[in-house]
Amino acid sequence: MLYNSILFFVFFSIVYSIYWLLPEKKRSDFLLISSGIFYIVASSTILSGIYFFLHFLIIVLFNYFAYFKIKTSSKPKAWMIFAVLLNAINLGFFKYFYFMNRILFDLTKYPFFDEVPRILQISLPLAVSFYSFQMIAAAVDAYRKPEGVLISLKQYLGFVIFFPVLIVGPILRTKDYFINIGHLSPDKDKIVRASYLMISGLIKKILIADPVAGVIAPVFGSPGQYDNLSLVLAAFGYAIQVYCDFSGLTDMARAVGLYFGFELPENFNAPLFSPSGRELWQRWHMSLSFWLRDYIYFPLGGSKKGEWRTYLNLIITMTVGGVWHGADYTFIAWGFYWGVILAFERFLVGKFGWNDEDSKSKILNFLRIQFVFCLFSFSAILFRANSATKMVQHVVGIATNTQNYLSTSLQSLGFGWIENSISLVTGPSPFILESMKNIEKIGYSYLGFIVFHWIQSRKDLLLQWGRGKDWLVVACGVVTVFAIALLSEDSGACIYCQF
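How each quantity is defined
Residues numbered from 1 in each chain as written. Predicted model: local features only at pLDDT ≥ 70, side-chain atom pairs only at ≥ 80, totals over all residues. Heavy atoms only, no water. UniProt positions renumbered as here; feature names shortened; annotations may be inferred. pLDDT = per-residue confidence, 0-100. Helix = DSSP H or I, 4+ residues; strand = E, 2+ residues; numbered from the N terminus. Contact = heavy atoms within 4.5 Å. Domains from an automatic or database assignment. Buried area = accessible area lost by both parts, 1.4 Å probe. Salt bridge = Lys/Arg side-chain N within 4 Å of Asp/Glu carboxyl O. Polar contact = N/O pair within 3.5 Å; in protein donor to acceptor, adjacent residues only side chain to side chain. Phe/Tyr/Trp six-rings, centres within 6.5 Å; stacked < 30°, edge-to-face > 60°. Lys NZ or Arg CZ within 6 Å of the ring centre and 35° of its normal. Expected span 1.5 Å × (residues − 1). Axes fitted to C-alpha atoms, helices over the stretch in contact; angles between N-to-C directions. Parallel < 35°, antiparallel > 145°, perpendicular 65-115°, else oblique. Buried < 20%, exposed > 50% of the residue type's maximum accessible area, 1.4 Å probe, protein only. Patch = residues over 30% accessible without salt bridge, like charges linked within 9 Å, V, L, I, M, F, W, Y side chains within 5 Å. Areas by Shrake-Rupley, 256 points an atom, 1.4 Å probe, with all protein chains shown as cover. 1 Å grid on protein atoms, 1.4 Å probe; cavity = no way out; pocket = protein on both sides within 12 Å on 5 of 7 lines; lining within 4 Å. Points joined across faces, edges and corners; volume = space filled by probe spheres on them. Nonpolar A, V, L, I, M, F, W, Y, C, P; charged D, E, K, R; others polar.

- The protein has the name MBOAT family protein in an unreviewed UniProt entry, where Leptospira selangorensis is given as its organism.
- Note on the protein: under the UniProt heading Sequence similarities (unreviewed entry), the record states "Belongs to the membrane-bound acyltransferase family."
- UniProt, in its Subcellular location (unreviewed entry) section for the protein, records the words "Cell membrane".

See below:
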């Protein structure tokens, strides 16, 4: 049940209307019940939704018990470790069981491991990656700051299952959620900002991300059949798609939260206008980046254990971030790739005094931003690849897949007669590699990508300029509805919902 679906619109309309009609003391209970219904309905089937909701409640109860012990017992560290291990095991079983089994098969070639997926069927619970990280953060934060207020079980459950952020984030800390409690009154400013966020999210998701997805999917599906220009454009296209898809859905999630009175943390801040990889990851999926920093990088020692240990900690942290995104070698490669880049940037800063922040030279800054965008787009190949084999095909193909690559290879091997024979039936040049279709959509999407980055970098000025102009949000909404009706294509699933 994505935010751009009719089903969600009906669900939200009903919940929103009842929510504000209820007395203030009853709203949190109603929101808790609504979030439970959302969890069940948003699952693949109602039956699996009920099953996984019961599983979710059991995990939350164990987590709350650990949280309570951390706050009240004389051995808080042991209970904190218990909570971390509980969530890691729960996430690991459902998300990484098959992957670990595949690794064992790849290492041993033992037939039993190849049969396991057919013997044991495991489905991934809705939002398990997001709520596991939220509860780990809650346990660790309770241990680090024991003087904080003790949260009740009902409040804890409401924090974990809060439906606006359940399936796409941002990954909340307890302070992000509970700072809103007591300030949940109807507010015109929040409604206006929420409406702009919803408009922004719908345009990014439906009018930019989804059309690009249809253009690049065939290339990622069969990278060996496409020429190198198509492979490069597919990489740039996916960089645009993943930003517009994820930031668009995050905008909509934050909008829904604002409609209910909750100020939720921003998750994107014009990330691909960054002049360095370090800054990119401070502005992209910020709630995950800061989670990895606070609960992986710092516990490993951060930058306090020496130069080489710092580089290793960066690589480990980003590799963990890659594994969080998915159970495949491709995600490990993606995380390791970015860990090496961040470590190398750190090396340049430490050894040569390189400034990785914005440069005073606009030309140099522009070039650095484009370079980081190219690094990000290359990493998109690793992130999007359907398998490790296709990832390698795609990367190698950028260098080798000229349009006449197959024909030239046959000629060099002495098999040119095969092409000549086939050409008698099919016509000349039967082995020309395919080219991406509808390339112009990549160009249009790139313009939209730039516009929304500019809007994010100027959002405070734009909101100030639009304050008091209620007609403007209505006009933008009407234009958006007509644009979606006229220009939208088949809406694809949310990229980050699979994580």
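1. Some details on the confidence of the model for the protein
Thinking step 1. With 92% of its residues at a pLDDT of at least 70, the protein reaches an overall mean of 88.
Thinking step 2. When pLDDT is averaged over each helix and strand of the protein, the minimum, 50, is found for helix 18 (residues 416-426) and the maximum, 95, for helix 12 (residues 286-297).
Thinking step 3. Overall, residues 424-428 carries pLDDT values under 50, and its contacts beyond four positions in sequence, including any with other chains, amount to two contacts.

2. Here we look at the domain arrangement of the protein
Thinking step 1. When the domains of the protein are assigned, the result is domain 1 (6-185) and domain 2 (190-275 + 356-487).
Thinking step 2. Summarising the inter-unit geometry, the C-alpha centres of domain 1 and domain 2 are found 31 Å apart.
Thinking step 3. Taking both partners together, domain 1 and domain 2 bury about 1600 Å²; carbon and sulfur atoms supply 76% of that area.
Thinking step 4. The largest per-residue losses of area from domain 1 upon contact with domain 2 belong to Val-168, Pro-170 and Asn-180, which jointly make up 31% of the total buried on that side.
Thinking step 5. Where domain 1 touches domain 2, the interface holds zero salt bridges.
Thinking step 6. Scanning the region where domain 1 abuts domain 2 turns up three residue pairs in polar contact (both at pLDDT 80 or more).
Thinking step 7. Elements with a minimum of two residues in the side of domain 1 that touches domain 2: helix 1 (6-21) and helix 8 (174-178).
Thinking step 8. For the side of domain 1 that touches domain 2, the element with the highest residue contribution is helix 1, accounting for six residues.

3. Digging into the packing of aromatic side chains
Thinking step 1. Under the counting rule described, the total for this entry stands at 68 aromatic pairs.
Thinking step 2. Its guanidinium or amino end placed over the ring of Tyr-19, Arg-27 lies 6.0 Å from that ring's centre, counting from NZ or CZ.
Thinking step 3. Its end group placed over the ring of Trp-324, Lys-95 keeps NZ or CZ at 5.3 Å from the ring centre.

4. A few points about the UniProt feature "transmembrane region" (unreviewed entry) in the protein
Thinking step 1. In the numbering adopted here, UniProt assigns the feature "transmembrane region" (unreviewed entry) to residues 6-22, 37-66, 78-98, 155-172, 333-354, 366-385 and 471-488.
Thinking step 2. The span residues 78-98 is 100% helical and 0% strand by assignment, and the distance between its end C-alpha atoms comes to 30 Å.
Thinking step 3. Between the first and last C-alpha atoms of residues 366-385 the distance is 29 Å; the span itself is 95% helix and 0% strand.

5. With respect to helix 2 (residues 24-42)
Thinking step 1. Along its 19 residues, helix 2 runs 27 Å from first to last C-alpha, staying within 8% of the 27 Å computed at 1.5 Å per residue.
Thinking step 2. Those residues of helix 2 that are buried are in contact with helix 1, helix 3 (46-72), helix 6 (128-144) and helix 7 (153-161).

6. Details of the packing of helix 4 (residues 76-108) against helix 6
Thinking step 1. Interhelical geometry of helix 4 versus helix 6 gives an angle of 170 degrees and a closest axis separation of 9 Å. Comparing the axis directions of helix 4 and helix 6 gives the class roughly antiparallel. Here Pro-76, Lys-77, Met-80, Ala-83, Val-84, Asn-87, Asn-90, Leu-91 and Lys-95 of helix 4 lie close against helix 6, whose contacting residues are Val-128, Ser-129, Tyr-131, Ser-132, Phe-133, Met-135, Ile-136, Ala-139, Val-140 and Tyr-143.

7. Points about the pattern of salt bridges
Thinking step 1. Within the structure shown, the criterion is met by 14 salt bridges.
Thinking step 2. Put simply, Asp-328 and Arg-102 hold a salt bridge, and the shortest N to O gap is 3.7 Å. Of this pair, Asp-328 sits in the loop between helix 13 (307-325) and helix 14 (329-352) while Arg-102 sits in helix 4, placing them 226 residues apart in sequence.
Thinking step 3. For Asp-328, a relative accessible area of 13% corresponds to the buried category.
Thinking step 4. Across the pair Asp-176 and Lys-175 runs a salt bridge whose closest N-O atoms are separated by 3.5 Å.
Thinking step 5. Through salt bridges with shared partners, a single network forms among Arg-173, Arg-293 and Asp-294.

8. So, a nonpolar patch on the surface
Thinking step 1. On the surface, Leu-7, Ile-33, Ile-37, Val-41, Ile-46, Ile-50 and Leu-54 cluster together to form a nonpolar patch covering roughly 610 Å² of accessible area.
Thinking step 2. Among the secondary structure elements, Leu-7 is positioned in helix 1.

9. Notes on the layout of surface pockets
Thinking step 1. In this model, the largest pocket occupies a volume close to 900 Å³.
Thinking step 2. Surrounding the largest pocket, 35 residues form its lining, Tyr-196, Leu-197, Ile-455, Lys-459 and Leu-463 being those nearest its centre.
Thinking step 3. Elements supplying a minimum of two residues to the lining of the largest pocket: helix 9 (188-221), helix 10 (228-259), helix 19 (440-457), helix 20 (459-466) and helix 21 (470-487).
Thinking step 4. In the lining of the largest pocket, the residues fall into 18 nonpolar, five polar and 12 charged.

10. A word on the environment of Trp-79
Thinking step 1. Structurally, Trp-79 is set in helix 4.
Thinking step 2. On the basis of relative accessibility, which here comes to 25%, the residue Trp-79 falls in the partly exposed class.
Thinking step 3. Distance from Trp-79 to Tyr-67, taken between C-alpha atoms, is 7.5 Å for residues 12 residues apart in sequence.
Thinking step 4. The contact partners of Trp-79, leaving out residues within four places of it in the chain, are Phe-65, Ala-66, Lys-69, Ile-70 and Ser-73.

11. With respect to unusual backbone geometry
Thinking step 1. In the segment running from Gly-169 into Pro-170, the intervening peptide bond is cis, with an omega of 5 degrees.
Thinking step 2. Examined against the element boundaries, Pro-170 turns out to sit in the loop between helix 7 and helix 8.
Thinking step 3. One non-glycine residue with positive phi stands out, namely Lys-109, at about 60 degrees.
Thinking step 4. Here Lys-109 shows up in the loop between helix 4 and helix 5 (111-119).
Thinking step 5. Look at Lys-109 and you get exposed, because its relative accessible area is 54%.
Thinking step 6. At Ala-270, a residue that is not glycine, the phi angle is positive and equals roughly 45 degrees.
Thinking step 7. One can find Ala-270 in the loop between helix 10 and helix 11 (277-283).

12. Structural notes on empty space enclosed by the protein
Thinking step 1. Throughout the structure, instances matching the rule amount to three cavities of 30 Å³ or more.
Thinking step 2. Each pocket or cavity is described by its volume, and for the largest cavity that value is around 70 Å³.
Thinking step 3. Along the walls of the largest cavity sit 10 residues, with Val-242, Trp-284, Trp-334, Phe-376 and Phe-383 positioned nearest its centre.
Thinking step 4. Counting residues per element, the lining of the largest cavity draws most heavily on helix 15 (residues 362-384), at four residues.
Thinking step 5. One number sums up the size of the second largest cavity: a volume of about 50 Å³.
Thinking step 6. Surrounding the second largest cavity, Tyr-16, Trp-20, Ser-185, Pro-186, Asp-187, Lys-190, Ile-191, Leu-258, Tyr-259 and Gly-261 form its lining.
Thinking step 7. Of all the elements in the fold, those that place two or more residues in the lining of the second largest cavity are helix 1, helix 9 and helix 10.
Thinking step 8. Among the residues forming the lining of the second largest cavity, the class breakdown is six nonpolar, two polar and two charged.

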